[in-house]
Amino acid sequence: MTIKVLAFQKTEMSKELGSVLTEKLRDLRIDGVPEDMKVPEEDRPVEAEFESIDLPLIDLSLMNSDRAGLVKKFREAASTWGIFRVTNHGVPSGLMKEVQEEGLKFFLQSEEAKLKLLTRGKLGAGKGSYYTGNNIEEKRHSLHWAESYVMWFGQWCALDPTIIDRVTSEWKTADDRFRTAMSEYLTGVRAAAKQLSQLASESLGLKTDFFSSPTVETGNIVIRWNYYPACPLPDDVLGAHSHTDPTLLTVLQQDKVGGLQVERDGRWYNVKPVEDTFTVNISDQFHIWSNGIFKSVLHRVLVNKEVPRLSIASILSLTGSQSLCPPSELIDENHPRVYKDMNAQEHSEVVIKSRSSGSDTKVFSGFNYFDTLKA
Ligand SMILES: O=C(O)CCC(=O)C(=O)O
Ligand SMILES: [Fe+2]
């Protein structure tokens, strides 16, 4: 039996590469771990070493009643951990479960059905869906023990029912209810992201909409389901190597299984999943945009022997000519500009270059290229 893992991360891919992957899938066997998925001995995670942490909690039901307290908490969480838990975010529990179950159905399809979506990443205008995994072109580290299904919806302000319809229907099992669920989920995530980015602005003494307006109007939204099959040798692989997200903000829905780890001061911590909450992390663009005040958190994913894990990442990013320049209010003699002026497109080019040529073969991270962007 072949295992349900494959290897890809590029939105652009050639037909040839698609068939290489098909071959590769045929070769994989459930009773072992292919050599190119094995993490080098010295980088293997050892479970016994890790402490579990309960992340700082941002309770959005306090937006009106204790805004000042929430703003303070946001600043603390975003500038120390770079990751926090969000509760009372407005996305109903039943809807979260539904989107999770539907995503699971995608991965449980036959490989043949999934592979049909492998090359969809090339769809024009940045809207469409595709099946993916690690990047086998960038031979920078062992392959992830994971597969993903990604939906690109484009800019929030242009998102309308026809786009949701088009993107969701690329997965042939998508039905009307799934489309409605995705539409409701996107609305909920957008509202939560708006509130969070308002807190972000206020926490730095800026106008409420400074970050929120570009984030949930002209910014982009991508939804990505990550599936980590149970692994016969979990200590030999990683579901995701250590990385920071190159984008702005990631709103993550985890299932009960656990496996996400975050780094702080050189140590890895297990992030406990908590039902009905989102795990939200600051990503590279927000770090740059906040003049380095918000921390883009380094994270990775461990897998286990017993149960598969599913997570759903709503990935928000600035795009094209949107500026990542920090506002003048954050710059003075004591707080000089940390990074050069750049827009999202220029940033994205640096990320792509760093990922294909970086010196650290284990980490895909802003820490690999932030230095090159210094003012
Ligand atoms: O599955 C997770 O917990 C994290 C996924 C992740 O890091 C990502 O999609 O960038
Ligand atoms: Fe990530």
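Check the entry above for the structure.
Rules and cut-offs
- Counting of residues starts from 1 at the beginning of each chain's written sequence and follows it residue by residue.
- By the order in which they are written, chains take letters starting at A while ligands take numbers starting at 1.
- Note on the predicted model: pLDDT of at least 70 is required for a residue's local features to be given, and 80 or more for side-chain atom pairs to be given and counted; whole-chain, interface and lining totals, by contrast, use all residues.
- Where helices and strands are cited, they refer to DSSP runs of H or I of at least four residues and of E of at least two residues respectively, numbered from the N terminus.
- In this description, any two residues whose backbone-derived C-beta atoms lie within 7 Å of each other are considered to be in contact.
- In short, DSSP must find at least two bridges between two strands for them to pair.
- In this description, a line fitted to the C-alpha atoms serves as the axis of each element, helices being fitted only across the stretch in contact, and the angle between N-to-C directions of two axes falls anywhere from 0 to 180 degrees.
- Any nonpolar core is a set of buried residues, restricted to Ala, Val, Leu, Ile, Met, Phe, Trp, Tyr and Cys, that join up through C-beta atoms within 7 Å.
- Three exposure classes are used. Buried residues have 20 or more other C-beta atoms within 10 Å of their own C-beta, exposed residues have 12 or fewer, and partly exposed residues fall in between, all C-beta atoms being placed from the backbone.
- To estimate the expected span of a helix, count its residues, drop one, and scale the result by 1.5 Å.
- Read the arc as the range of directions from the helix axis to the C-beta atoms.
- Geometric relationships in this document are graded by angle, where less than 35 degrees denotes roughly parallel, more than 145 denotes roughly antiparallel, 65 to 115 denotes roughly perpendicular, and other angles denote oblique.
- Under the grouping applied here, Gly and all other residues not named as nonpolar or charged are polar, the nonpolar ones being Ala, Val, Leu, Ile, Met, Phe, Trp, Tyr, Cys and Pro and the charged ones Asp, Glu, Lys and Arg.
- The sense of a crossing depends on the near helix, which, turned anticlockwise from the far helix by less than a right angle, makes the crossing left-handed and, turned clockwise, makes it right-handed.
- As used in this record, a residue near a molecule or strand is one whose C-beta atom, placed from the backbone, is within 6 Å of it.

Caption draft 1: Structural context of the overall build of the chain. If you tally the helices and strands in the chain, you get 9 helices and 13 strands. The long-range fraction of contacts in the chain, counting pairs at least 24 apart against all pairs at least 6 apart in sequence, stands at 77%.

Caption draft 2: Main features of the sheet that holds strand E2 (residues 57-59). The strand order across the open sheet built from 8 strands is E2-E3-E11-E8-E13-E6-E5-E4, with neighbouring strands paired in mixed fashion. Edge positions in the sheet fall to E2 and strand E4 (128-132), since each of these pairs with one other strand and no more. Pairwise comparison of adjacent strand axes, ignoring direction, gives a mean angle of 25° for this sheet. Bridge count for E4 against strand E5 (residues 147-155) is 5 bridges, and the pairing is antiparallel. Along E5, the bridge assignment pairs Gly-128 with Trp-152.

Caption draft 3: Spatial organisation of the sheet that holds strand E9 (residues 260-264). Read from one edge of the open sheet, 5 strands run E1-E10-E9-E12-E7, paired in mixed fashion. Two strands lie at the open edges of the sheet, namely strand E1 (51-53) and strand E7 (240-243), each paired on one side alone. With direction set aside, neighbouring strand axes in the sheet form an average angle of 30°. Looking at chain direction, E9 and strand E10 (residues 267-271) are connected through 4 bridges and run antiparallel. Residue pairing in the sheet places Val-262 in a bridge with Tyr-269 of E10.

Caption draft 4: Representation of the environment of Thr-277 within the structure. Structurally, the position occupied by Thr-277 is in the loop between E10 and strand E11 (278-282). Along the chain, Thr-277 and Phe-364 lie 87 residues apart, while their C-alpha atoms are 27 Å from each other. Ignoring any residue separated from it by four or fewer positions in sequence, one finds Thr-277 in contact with Arg-85, Val-86 and Thr-87.

Caption draft 5: Here's a closer look at the nonpolar core. Of all hydrophobic cores here, the largest spans 81 residues; its most connected members are Leu-249 and Val-280. Take this core: its biggest share by element is 10 residues, from helix H6 (residues 176-203). Each residue touching Leu-249, except ones within four places of it in the same chain, is listed here: Ala-193, Leu-196, Thr-215, Val-280, Ile-282, Ser-283, Phe-286 and Leu-316.

Caption draft 6: Inspection of the environment of Ala-230 at higher detail. Tracing the backbone shows Ala-230 in the loop between strand E6 (220-228) and E7. On the basis of neighbour counts, which here come to 16 C-beta atoms within 10 Å, the residue Ala-230 falls in the partly exposed class. Note: C-alpha distance between Ala-230 and Pro-161 (69 residues apart in sequence) is 36 Å. Setting aside anything within four residues of it in sequence, one finds Ala-230 in contact with Asn-304, Lys-305, Glu-306, Val-307 and Pro-308.

Caption draft 7: Local environment of helix H9 (residues 344-357). When the terminal C-alpha atoms of H9 are compared, their 20 Å separation across 14 residues agrees well with the 20 Å that a helix rising 1.5 Å per residue should span. Those residues of H9 that fall on the buried side of the exposure criterion are Ala-344, His-347 and Ser-354. An end-on view of H9 places all buried positions within 85° of arc, on one side of the element. Facing away from the buried side of H9 by over 90 degrees, the exposed positions are Gln-345, Glu-349, Lys-353, Ser-356 and Ser-357. Elements that come into contact with the buried residues of H9 comprise helix H8 (284-289) and strand E13 (309-317).

Caption draft 8: The packing of helix H2 (residues 67-80) against H6, seen in detail. For the pair H2 and H6, interaxial distance at closest approach is 8 Å and the crossing angle is 85°. Judged by the angle between their axes, H2 and H6 are roughly perpendicular. Residues Leu-70, Val-71, Phe-74, Arg-75 and Ala-78 of H2 pack against Leu-199, Ala-200, Glu-202 and Ser-203 of H6. Partitioning the contact of H2 with H6 into residue classes produces 6 nonpolar, 1 polar and 2 charged.

Caption draft 9: Region of the structure containing the packing of helix H3 (residues 93-107) against H6. Relative orientation of the contacting elements H3 and H6 amounts to 125°, with a least axis distance of 10 Å. What the angle tells us is that H3 and H6 run oblique. In terms of crossing hand, the pair formed by H3 and H6 is left-handed. Facing H3, whose interface residues are Leu-95, Glu-98, Val-99 and Glu-102, H6 presents Phe-178, Ala-181, Glu-184, Tyr-185 and Gly-188. Residues belonging to the contact of H3 with H6 are distributed by class as follows: 5 nonpolar, 1 polar and 3 charged.

Caption draft 10: Inspection of the site of ligand 1 at higher detail. In the region of ligand 1, the neighbouring residues are Arg-224, Asn-226, Ala-240, Asp-245, Leu-252, Gln-254, Leu-260, His-299, Val-301, Ser-311 and Ala-313. Where the shell around ligand 1 is concerned, the elements lending two or more residues are E6, strand E8 (249-254), strand E12 (299-301) and E13. A breakdown of the residues in the shell around ligand 1 according to their chemical character gives 5 nonpolar, 4 polar and 2 charged.

Caption draft 11: Up close: the pairing of E5. Burial within E5 is extensive, with 7 of its 9 residues counted as buried. With 8 bridges connecting them, E5 and E6 associate as antiparallel partners. Bridged to Met-151 within E6 is Ile-223.

So, to be careful, I would describe these as geometric facts and stop short of saying anything about function.
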